[in-house]
Amino acid sequence: MSSLHRPLDARAMAIMSLLCLIWGFQQIALKATAADMAPTLQIGLRSGLAALLVLGWMRWRGERLHWREGQWRAGALVGGLFGLEFMLVGEGLRHTSAAHMAVFLYTAPVFAALGLAWVQRSERLHPLQWAGVALAFAGMALAFLGRGGAVNSQVLWGDLLGLLGGAAWGATTVAVRASRLATAAPAETLFYQLSGGFVLLLLTALLLGQTAVQPSARLAASLAFQTVIVSFISYGVWFWLLRQYLASRLGVFSFLTPLFGVGFGVWLLGEALEPAFLGGAALVLLGITVVSAQPLLMRRVPAS
């Protein structure tokens, strides 16, 4: 097996657990400071600042951007998908809770597994994984349709935007793995994404009139966290992991992110959770776990 596609080891598991905690908290930071600056504008600014940090890191390491042989096309594609993902997240957080967003956004491993199974032979899904996909989609249906007519339509709209954001994230993973960026330096891939996100999100904020800013220490701390920890460090580590391990197996720990996100939302923001949403979220997380953990489960089943 290529070193680019090896199974998870203890180091990868520990790193993924920490990344999930960071990603679970980012929705809370955005929601908590939404009154000071619109989430879309926050994500756009953090992406631009982080892109500068990545560029400085590349220059310090003697790395450069490779625009030859059509690599810029792949960079533009993943940058656009990254921007689309967070445009949906930013707008969705204006209508739904951070806990809901954490669950629906992190359906991304299911969409990534489906996309990779289509474009790469080595990532084709096992029947057990298809069962996991079915569980995840059943959970999505329950979370959307099982809450009855009393649910605010704005919340449902925000949830839908979060789900579409998860699909965009999954498509980004497929684009990275199926293009020249699969062998590019992680910093270069990250730079393309952050740059694309900065342009698209800034334009979106301008077009929607979401440019008002209320300076506060809380907002400054949130932007610093999102820029340095989330966009610069955690995303850089994520793309490094994508080069080292099977993407479908990295998702085995992704279920921790919505758990952290829901927990932080209830604990720090006092968000309420509906029984139908909790049931649907449980099915989604179970489905994600089955899809991602199937290779590990099959390794433990003795051959007949």
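To be clear, the structure that these remarks concern was listed above.
These lines cover the structure that appears in this document, whether it is placed above or below. (Residues numbered from 1 in each chain as written. Predicted model: local features only at pLDDT ≥ 70, side-chain atom pairs only at ≥ 80, totals over all residues. Heavy atoms only, no water.)

## A few points about the overall build of the protein
Keep this limit in mind: Per the convention used, a helix needs a DSSP run of H or I reaching at least four residues, while a strand needs a run of E reaching at least two, with both numbered from the N terminus. The buried label goes to any residue with under 20% of its type's maximum accessible area, the exposed label to any with over 50%, and the partly exposed label to all in between, with areas taken from a 1.4 Å probe on protein chains only. Accessible areas in this description were obtained via Shrake-Rupley with a 1.4 Å probe; residue shielding takes into account the shown protein chains only.
Along the protein, the regular secondary structure elements total twelve helices and zero strands. Shown N-terminal to C-terminal, the secondary structure of the protein runs as helices and strands in the order α-α-α-α-α-α-α-α-α-α-α-α. Buried positions account for 54% of the 304 residues belonging to the protein. When the accessible surface of the protein is totalled, it reaches about 13,200 Å², and 70% of it is carbon and sulfur.

## Here we look at helix α8 (residues 186–207)
Our working rule: One less than the number of residues in a helix, times 1.5 Å, gives the span that helix is expected to have.
Across its 22 residues, α8 extends 32 Å between first and last C-alpha, which sits within 8% of the 32 Å expected from 1.5 Å per residue. Within two residues after α8, Gly209 carries a phi angle of roughly 70 degrees, on the positive side.

## Let's talk about empty space enclosed by the protein
For clarity, the cut-off: Both cavities and pockets are sets of points on a 1 Å grid over the protein atoms alone; in a cavity a 1.4 Å probe fits but cannot get out, in a pocket the set is open with protein on both sides within 12 Å along at least five of seven lines, and lining residues sit with an atom within 4 Å of a point. Grid points are joined across faces, edges and corners, and a volume is the space filled by probe spheres set on the points. Polar here means any residue outside two lists: the nonpolar Ala, Val, Leu, Ile, Met, Phe, Trp, Tyr, Cys and Pro, and the charged Asp, Glu, Lys and Arg; Gly therefore counts as polar.
Applying the stated rule across the entire model yields two cavities of 30 Å³ or more. A volume near 140 Å³ is recorded for the second largest cavity. Lining the second largest cavity are 14 residues, with Phe82, Glu85, Trp169, Tyr235 and Trp238 sitting closest to its centre. When residues of the lining of the second largest cavity are traced back to their parent elements, those giving at least two are α1 (10–32), α3 (71–92), α7 (153–177) and α9 (217–244). Of the residues belonging to the lining of the second largest cavity, the class tally is nine nonpolar, four polar and one charged.

## Considering a nonpolar patch on the surface
The following threshold applies: Like-charged residues within 9 Å of one another, or nonpolar side chains (Val, Leu, Ile, Met, Phe, Trp, Tyr) within 5 Å, are grouped into patches, provided each residue has over 30% relative accessible area and no salt bridge. Put simply, a salt bridge is a Lys or Arg side-chain nitrogen that is within 4 Å of an Asp or Glu carboxyl oxygen.
A cluster of nonpolar residues, Leu53, Val228 and Ile233, forms a patch on the protein surface that exposes about 220 Å² of accessible area. Turning to its location among the elements, Ile233 is positioned in helix α9.

## Section: the layout of surface pockets
In this model, the largest pocket occupies a volume close to 280 Å³. As for the largest pocket, its lining consists of 13 residues, of which Trp57, Pro186, Ala187, Gly236 and Val237 are closest to the centre. Those elements giving two or more residues to the lining of the largest pocket turn out to be α2 (39–60), α8 and α9. For the lining of the largest pocket, the element with the highest residue contribution is α9, accounting for five residues. Looking at the lining of the largest pocket residue by residue, the class counts come to ten nonpolar, one polar and two charged.

## Comments concerning the pattern of salt bridges
Inspection of every chain in the model, using the stated rule, returns three salt bridges. For the salt bridge of Arg218 with Asp36, the shortest nitrogen-to-oxygen distance reads 3.2 Å. Placement of the pair is Arg218 in helix α9 and Asp36 in the loop between α1 and α2, with a sequence separation of 182 residues. Given a relative accessible area of 47%, Arg218 falls into the partly exposed group. The exposure class assigned to Asp36 is buried, which follows from its relative accessible area of 8%.

## Focus: the nonpolar core
What counts, and what does not: The nonpolar core is taken to be a set of buried Ala, Val, Leu, Ile, Met, Phe, Trp, Tyr and Cys residues, with the residues joined through side-chain atoms within 4.5 Å. In this analysis, two residues are considered to be in contact whenever any of their non-hydrogen atoms come within 4.5 Å of each other.
Ranked by internal contacts, the top residues of the largest apolar core, which has 47 residues, are Met16, Trp23 and Trp238. Secondary structure elements with two or more residues in this core: α1, α2, α3, α4 (98–105), α7, α8 and α9. When residues of this core are assigned to their parent elements, the largest contribution, eight residues, is made by α1. Leave out the neighbours within four places in its chain, and Trp238 touches Met16, Leu19, Trp23, Trp169, Thr173 and Leu250. Among the nonpolar cores identified, the runner-up in size contains 19 residues, and Ala117, Ala143, Phe277 and Val291 belong to it.

## Overview of the packing of α4 against helix α11 (residues 256–269)
Selection rule: Under this scheme, a helix contributes an axis fitted over its contacting stretch, all axes are lines through C-alpha atoms, and angles between N-to-C directions fall in the 0 to 180 degree range. When describing relative orientation, an angle under 35 degrees is termed roughly parallel and one over 145 degrees roughly antiparallel, while 65 to 115 degrees is termed roughly perpendicular and anything else oblique.
In contact at an axis separation of 8 Å, α4 and α11 are set at 175 degrees when each is read in the N-to-C sense. In terms of axis orientation, α4 runs roughly antiparallel to α11. Here Ala98, Ala99, Ala102 and Val103 of α4 lie close against α11, whose contacting residues are Pro258, Gly261, Val262 and Leu269. For the contact of α4 with α11, a count of residues per class yields seven nonpolar, one polar and no charged.

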